[in-house]
Amino acid sequence: MIQWKFIRQTLLFITLFELVSFLGYFNPTAGKIAFALACIAAIVLTLQKLEYGLLLALSELVLGSKGGYLLSFPIENFTLSLRIALFIIVMSVFFLRAFQTRRSWQFADLRTHLLPWIPLAVFVLWGMIIGIMRDNDFGNVLLDANGYWYAALLLPAVFALHNDRKFSARALHVLASAVVFLAAKTLILVYLFSHGSAFYINTLIWYGYRWIRATEVGEITVMPTNFVRIFMQSHIFILAGFLAALIVFLRHTDKTARKLALGCAAVFAGILLTSFSRSYWVGLAAGLLVFTWLLFMRDGRITFSLGAIREKLTLVAVVMGAFLTGGAILAALIFFPYPRPSAVDLLASLKDRSLEFGDAATSSRWNLLPPLLSVVKEHTILGSGFGTTVTYTSDDPRVRETNPSGRYTTYAFEWGYLDIWLKMGLGGLFAFVWLFFSQARAHLRSLRFHPIIAVSSLAALVALFATSIFSPYLNHPLGLGLLIITGLAIKE
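Residues numbered from 1 in each chain as written. Predicted model: local features only at pLDDT ≥ 70, side-chain atom pairs only at ≥ 80, totals over all residues. Heavy atoms only, no water.

Asks: Is there a simple way to explain empty space enclosed by the protein in this structure?
Replies: Where empty space is left becomes clear once a probe the size of a water molecule has been rolled over the atoms. Scanning all chains against the criterion turns up two cavities of 30 Å³ or more. Contributing to the lining of the second largest cavity are Thr112, His113, Pro116, Trp117, Leu154, Gln439, Gly487, Leu488 and Ile490. Mapped by element, the contributors of at least two residues to the lining of the second largest cavity are helix H5 (110–114) and helix H20 (477–488). Split into classes, the residues belonging to the lining of the second largest cavity amount to five nonpolar, four polar and no charged. (1 Å grid on protein atoms, 1.4 Å probe; cavity = no way out; pocket = protein on both sides within 12 Å on 5 of 7 lines; lining within 4 Å. Points joined across faces, edges and corners; volume = space filled by probe spheres on them. Helix = DSSP H or I, 4+ residues; strand = E, 2+ residues; numbered from the N terminus. Nonpolar A, V, L, I, M, F, W, Y, C, P; charged D, E, K, R; others polar.)

Quick look at the structure:
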């Protein structure tokens, strides 16, 4: 049952939080005070109930996107992000609660929720040890492995799931609210950046661009056709939300929920278009393939019944309708007559982005591939450890500004699975394969009894792993957070 009051309260809280973040960025003193007050509030709420801290952490993950710097506190040469602060708070309270209730702590969820993650924990530690043994820069080793530690939130999440039966419902409502807000925020940015002819719009654009870039929430780039691409790394949750909306529309019995799901699917489709992320499009295609296959599943078997075929045709119609409607929403925002819109060729932008593989980001990615493979081959089985660097020629204009030759050395790579292979060896790849099949098998077992949850979670899981081929999500809190969510959704 949808708790509308809770959703409205959550959306109001998120709106206030974003406003504070925006104002705090341009007034550093106020930003520091806001960060301190946010941490104090998080400590109080988490001490009151661990679940509250987890809900804060999950919503921040969706809103904070890549870096989690919507609120931050500079400490000499280090900037403490709100994401790290919330992680420390939640983990500290979790260990306190686990110690206090050690006699009642049960490991009934060990096999389902925790066991699949153990190989990954082992090989992350292995990657750090190997990195140090191979004399990689110690600072780089720590920074490179840093993203994986976010997965430790699985422990308090399982603890909360075991001790509070309402946690799943609350988490679903909070995540849904955050994803809807993220979609609305993206559409607002599309409108603003498409109407730069007015002075007050230009002022908002100037401030908004600086805020978004400084907080690492996303990227805003002008394409050759004058279309402004709005890309946020946390749009991976929009992708998962789109797949979830489809199954809710197809299988939910409540008419209001179905109508709402259909509307969300259209909006989310528009976001996936305006993100212009081919990695997301690959993930979407993979998720829809699995989605279609699951529609033919009946009692654990593939059945080409008339009902299944009808449902598949309905899915095709809904997906096509959602993207057509999403495109229409984008067009309505871009060409809204007041104030005068900028000249934009939306269809040409979509065509160029779909077919053109010579842009700077893509060419840099392909330039990276040969030297990256060469370094991977040096330690194919054991890996080279975290902090291992590769030098290649980048076509990124920002790199070319500082080094006209384009030569660039880094330990962070776009090729997600090659990054894992390089740092943790074949064992790291095995760990993720084990985690994938463990979750997939569990969702397939629950397909008969919990079809909406199982299908949406499994489709999101497949989409995440497909997206990670070209974009490194599995070594980042965004991907790991989504993995935690799909894992907690398992119903035995």
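On we go from here.
Asks: Explanation requested: helix H10 (residues 199–214) in the structure shown.
Replies: An ideal rise of 1.5 Å per residue puts 22 Å on 16 residues; H10 measures up with 23 Å between its terminal C-alpha atoms. Listing the buried residues of H10 in full gives Ile201, Ile205, Gly208, Trp211 and Ile212. On an axial view of H10, the arc spanned by its buried residues comes to 145 degrees, and they lie on one face. In this structure, the buried side of H10 is in contact with helix H1 (4–26), helix H9 (167–193) and strand S3 (219–222). Of the residues one or two after H10, glutamate 216 is the one with positive phi, at around 60 degrees. (Expected span 1.5 Å × (residues − 1). Buried < 20%, exposed > 50% of the residue type's maximum accessible area, 1.4 Å probe, protein only. Arc of directions from axis to C-beta. Contact = heavy atoms within 4.5 Å.)

Asks: Just checking my understanding: could you explain the packing of aromatic side chains for this structure?
Replies: Any two aromatic rings considered together are summarised by their centre-to-centre distance and by the angle between their planes. On inspection of all chains with the given rule, the structure shows 22 aromatic pairs. Relative to tyrosine 280, the ring of phenylalanine 231 has its centre 5.7 Å away and its plane inclined at 35 degrees; by these criteria the two rings are tilted. Placement of the pair is phenylalanine 231 in strand S4 (residues 228–231) and tyrosine 280 in helix H13 (residues 278–295), with a sequence separation of 49 residues. In this structure, phenylalanine 231 and tyrosine 280 share a single accessibility class: buried. (Phe/Tyr/Trp six-rings, centres within 6.5 Å; stacked < 30°, edge-to-face > 60°.)

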